[in-house]
Amino acid sequence: MPTSYQALALFSGGLDSILAAKLVARQGLSVLCLHFTTPFYDKSRMVDHWREIYDLDITAVDVGRDFVDMMQRGPDNGFGKNLNPCVDCKVLLLSRAKALMPEYGASFLITGEVVGQRPMSQRRDTLARISRLADVRDIILRPLCAKKLEPTPMELSGLVDREQLGALFGRGRLGQMDLAREFGITEIPTPGGGCRLTESEAAKRYLPLIAQGLSVDPADFELTNVGRQYWWDHHFLAVGRTESDNRRLAESARPGDILFRLKDMPGPTAVGRVFPGRAWTPEALAEASAVTAWHAPKARTLTAPVSVNLRQNGQLTTLVVTPAQGPHFAPPSFAAVTEWKQERQERLDGQERQERQERQERFERRRSENTPG
Ligand code: SF4
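Residues numbered from 1 in each chain as written. Predicted model: local features only at pLDDT ≥ 70, side-chain atom pairs only at ≥ 80, totals over all residues. Heavy atoms only, no water.

Draft legend 1. Fine view of the site of the ligand. Near the ligand you find P85, C86, C89, C195 and T198, and these make up its full shell. By residue class, the composition of the shell around the ligand is four nonpolar, one polar and no charged. (Near = heavy atom within 4 Å. Nonpolar A, V, L, I, M, F, W, Y, C, P; charged D, E, K, R; others polar.)

Below you can see the structure in the form of structure tokens.
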């Protein structure tokens, strides 16, 4: 791959991002596609395949740390239907792409957005807001719908030929399919999908990590994708449902984590995660052992207590417990997601109301000071 490019393209691997990059590349301009990855969206394993079939230069860029920080701070522009912070996500990705421009000598950015395609994040005013917040107003080109937007400096200067750009608008896909045919693209990615933050099942698994102010690592979200999940305050337990879950859990355990396994009978593997600055209480250890035992069918049918081995940093402890579900450990619920989003929104609305009122009061004060008495 060359080391310098005229444009950097945000590249999800979806059809729109492919076509946007192709529309500019076919003008003879060099384009590097950036596939940004987060714990919630990562198709980097496809990069080699994409390069080959779409004939584009593509590289994966990990923005997991920044993305998780943004989620924990709370996105300024709120969430979509589930935990997807689409406006803040785009602002973050564009800001990162802009920061990478000097490294590649690039002079503008490309996205596959189509005005009017999505009710919230691709409305005309939202596209303008995203450009403003990411500070990319003069360097962003949206090739698929460029003719529906004001000409950009890249078009006005003649660097990009506006005539060869698209005039797509709205939710229909016919225009994209025509363009795909024009470019000879036969492998058409299925529309949408891929971002786990848009899925309600994933949202409820992620929320405790996001909402609790724990010092989390992007890799923590991997653990929330495996098996059954239980939380008691900051105590997080993932219990395997299948052999493959058990293997994944054992592999994902890191120093400090507690590995739970039944001592004398078959049962699940469970991982208790220990977060920086937090510790497990003896009560939580006993209850997590009881929950693990509860998921071993043989242990549940016994009337006697069972032994559970706990391994932490190579040290083995055995606890004798009665299999039980709870009372404190509980699976995450989707109701908690709705509630948390509502509370956040009310707080933001309250702050906005207060700021508006303070602005009004300042205005009134200035006016009365300037009014001759
Ligand atoms: S769906 Fe996910 S990846 Fe796409 S813009 Fe929204 S948050 Fe970002």
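On we go from here.
Draft legend 2. Main features of the sheet that holds strand β4 (residues 108-110). Strands sit in the order β3-β2-β1-β4-β5 across an open sheet of five strands; the sheet is parallel. The sheet is open, and its two borders are formed by β3 (57-62) and β5 (140-141), each paired with just one other strand. The sheet contact formed by strand β1 (residues 7-10) and β4 spans three bridges and is parallel. Following the sheet pairing, L8 is matched in β4 by L109. (Pairing = 2+ DSSP bridges. Helix = DSSP H or I, 4+ residues; strand = E, 2+ residues; numbered from the N terminus.)

Draft legend 3. Quick peek at the environment of V271. Among the structural elements, V271 can be located in strand β9 (residues 270-273). A residue is classified by how much of its surface remains accessible, and V271, at 0% relative accessible area, is buried. The spatial distance from the C-alpha of V271 to the C-alpha of L310 is 9.5 Å, given a sequence separation of 39 residues. Contacts of V271, omitting those with residues within four sequence positions, involve L223, F236, L237, A238, L249, A253, D257, I258 and L259. (Buried < 20%, exposed > 50% of the residue type's maximum accessible area, 1.4 Å probe, protein only. Contact = heavy atoms within 4.5 Å.)

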